[in-house]
Structures are given as C-alpha cells and as structure tokens.
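Structural overview
Residues per chain are reported as follows:
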Amino acid sequence: QKLYLRLKIPDDAKAGKYTGTLTLRSAGGQSAEVPVAIDVYPFRLDEDVPVSYGLWGGVGPIPEYLPADVRQRVLHDRLQSMRELGLTSISINEARVQGVRADRTVDLKLDPTLFEMVKAAGMARNPMQALLYENMMASLGRQIARRLPASGDVYDNPGAEFKAPEFRECFTDACRQYAAFVAKLGLPLAATAVDEPRESDINSWNRNLADTIEYCKMMRQGGLTVLVNPMA
C-alpha cells in the first residue's frame, strides 16, 4: 500500500540535508522502520506572487459515499497541500440554477463554503491571484438554456440557446448575481466564457467565434472579468 507523507518545513529551518528514521506501526502490532532524507534548499517560495497558479478542475473529485465530515476534511487537506506547493488560486464553479423567473431573472443558488475554505487556505490574496470560473457557457449557460423551451437541445446544437428571446437577459442577470456574490466575499475572480472555442463541425458541443463573442459581451455586462481559453 502506498503512503504519502506531507511534511511542512519550518520557516526557520537552515539549509542542508536532514536524515532520520520513521517507524510505522500497524493496528496488528507490526512495525517497519523507514529511513528518510530531506534536502532543505537555501530559498523559500514567495508567499504573495502576483500570478494565478492553480489546477484546472479544482480540487478533483471527492467520493460521494464518504461522510460529510470526511469530505470536508479531504477538501481542506487538498487545499492546504496545494497552497504549500506554491499554488495561489483554483478553479471554482459554485453556481446552481434553481429556476428562471417570468421577469427574466434567474433563481441562482450560491454556496460560499468552498470560497471561504479557499480564502482560509491562503489563496486569492491579491487581484492577480484571481480564482477561475472554468466555463460559464457550459456550466451556467446550459443550466439556464435547458429551462427555456425555445432553446431546444443546447448540447448538440451550438448556439441554440440564442433562439430563446429571454436567454441573453437571463444569462446576464446570473452573471451579475455571481459577480456581486464574489465581490461581497472579497475575492478576485476571472471567468472563462468558452473553453477552447471552435467551429461546430469539429465539435458539435462547443461554440464558434460569433457565439463566444456573445458570451463575452453578456459576461462583461454582468460585471465579470472575462477571458477565453484558446485551443490547445
């Protein structure tokens, strides 16, 4: 069985080679001694770099079958580990569309839990360490479009959502709510409009240039800092 040990090097540790032995004991009474050597370098990572370093995909999947308290502890540990490795940001998509109202506003459920944990871990300390909303077209746009009958199949028919006359207003309202929510938490955020936009005859589920520009316009009207992730 693989075991991973995450060791925090004290800030005042002098550079050099440190050696020792770990003794691992099992519940059955068996034990094993493991020699360990650690090289401490004569420099430290800058704690407040003006760059967003993070992982696309957030903290990764956490099994649903785990108890709530265990899931919370795993999430905390992953964020802490990322921060100790020098990461300053993370992708974070915490918006659930509950419904669309007649006045073309969106009933949006926004949970601050992950945001607060990210902040507590020491990420997003300055405007240049912006958190990332991965793909607003797919994660938020589709949620809204599926609640508008005129949209039809928004997965295999790129741009179908724009057939619904109320879509633009609804999506812009959702962006506005999200921008206000993040600003209230005091966290910087940049939102990706479309991930790797390309023509629909290559990937039917994606969006072309014209639709990508439309999403950028709506998101900016909603008060968000917007970016587009070019093709790999």
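The structure under discussion appears in the preceding block.
Structure report, in brief. (Residues numbered from 1 in each chain as written. Predicted model: local features only at pLDDT ≥ 70, side-chain atom pairs only at ≥ 80, totals over all residues. Heavy atoms only, no water.)

1. Here's the deal with the overall build of the protein chain
- Along its length, the protein chain carries five helices and seven strands.
- Reading the secondary structure of the protein chain in the N-to-C direction produces β-β-α-β-β-α-β-α-α-β-α-β.
- Expected size for 232 residues packed as a compact globule is a radius of gyration near 17 Å; at 22 Å, the protein chain overshoots this value by more than 25%.
- Residues counted as buried form 38% of the 232 residues belonging to the protein chain. (Helix = DSSP H or I, 4+ residues; strand = E, 2+ residues; numbered from the N terminus. Rg over C-alpha atoms; globule rule 2.2 N^0.38 Å. Buried < 20%, exposed > 50% of the residue type's maximum accessible area, 1.4 Å probe, protein only.)

2. Some remarks on unusual backbone geometry
- A positive phi angle is found at Ala-124, which is not glycine, with a value near 55°.
- Mapped onto the secondary structure, Ala-124 falls in the loop between α2 (113-120) and β5 (131-133).
- Of the residues examined, Ala-124 reaches a relative accessible area of 7% and is grouped as buried.
- Not every positive phi belongs to a glycine, and Glu-196 is a case in point at roughly 50°.
- With respect to the element layout, Glu-196 can be found in the loop between β6 (189-195) and α5 (209-221).

3. Considering the packing of aromatic side chains
- One pass over the full model with this rule turns up 10 aromatic pairs.
- Each ring, one from Phe-167 and one from Phe-171, has its centre 5.8 Å from the other, and the planes form 25°; the classification is stacked. Separated by four residues within a single helix, Phe-167 and Phe-171 lie in helix α4 (residues 167-185), roughly one turn from each other. In this pair, the class of Phe-167 matches that of Phe-171, namely buried.
- In textbook terms, an aromatic cluster arises when at least three aromatic residues are bridged by ring pairs, as seen for Phe-115, Tyr-133, Tyr-178 and Phe-181. (Phe/Tyr/Trp six-rings, centres within 6.5 Å; stacked < 30°, edge-to-face > 60°.)

4. Focus on the nonpolar core
- Judged by nonpolar contacts, the single largest core of 51 residues is most densely connected at Met-136, Leu-140, Ile-144, Phe-167 and Phe-171.
- For this core, the elements supplying multiple residues, two or more each, are α1 (68-84), β4 (106-109), α2, β5, α3 (136-145), α4, β6 and α5.
- Of the residues forming this core, the biggest block, 10 residues, is contributed by α4.
- With near-sequence residues (within four places) excluded, Leu-140 lies in contact with Ala-95, Val-97, Leu-108, Tyr-133, Asn-135, Phe-171 and Ala-174. (Core = buried A, V, L, I, M, F, W, Y, C linked by side-chain atoms within 4.5 Å. Contact = heavy atoms within 4.5 Å.)

5. Topic: α3
- Burial runs high along α3: eight of the 10 residues are buried.
- The set of residues buried in α3 consists of Met-136, Met-137, Leu-140, Gly-141, Arg-142, Gln-143, Ile-144 and Ala-145.
- Looking at the buried positions of α3, the neighbouring elements they touch are β3 (96-100), β4, β5, α4, β6 and α5.

6. A closer look at the packing of α4 against α5
- Running from amino to carboxyl end, α4 crosses α5 at an angle of 50°, the nearest separation of the two axes being 8 Å. What the angle tells us is that α4 and α5 run oblique. Relative to α5, α4 is oriented so that their crossing is right-handed. Note on element contacts: α5 touches α4 through Glu-214, Tyr-215, Met-218, Met-219 and Gln-221, opposite Phe-167, Arg-168, Phe-171, Thr-172, Cys-175 and Arg-176. (Axes fitted to C-alpha atoms, helices over the stretch in contact; angles between N-to-C directions. Parallel < 35°, antiparallel > 145°, perpendicular 65-115°, else oblique. Left-handed = near helix turned anticlockwise from the far one by under 90°.)

7. A short note on the packing of α3 against α4
- It is at 10 Å that the axes of α3 and α4 come closest, and there the two elements cross at 125°. Looking at the two axes, α3 sits oblique to α4. With respect to the hand of their crossing, α3 and α4 are arranged in right-handed fashion. Where α3 approaches α4, its residues Met-136, Leu-140, Gly-141, Ile-144 and Ala-145 are matched on the opposing element by Phe-167, Cys-170, Phe-171, Ala-174, Cys-175 and Tyr-178.

That is the geometry; function is a separate question.
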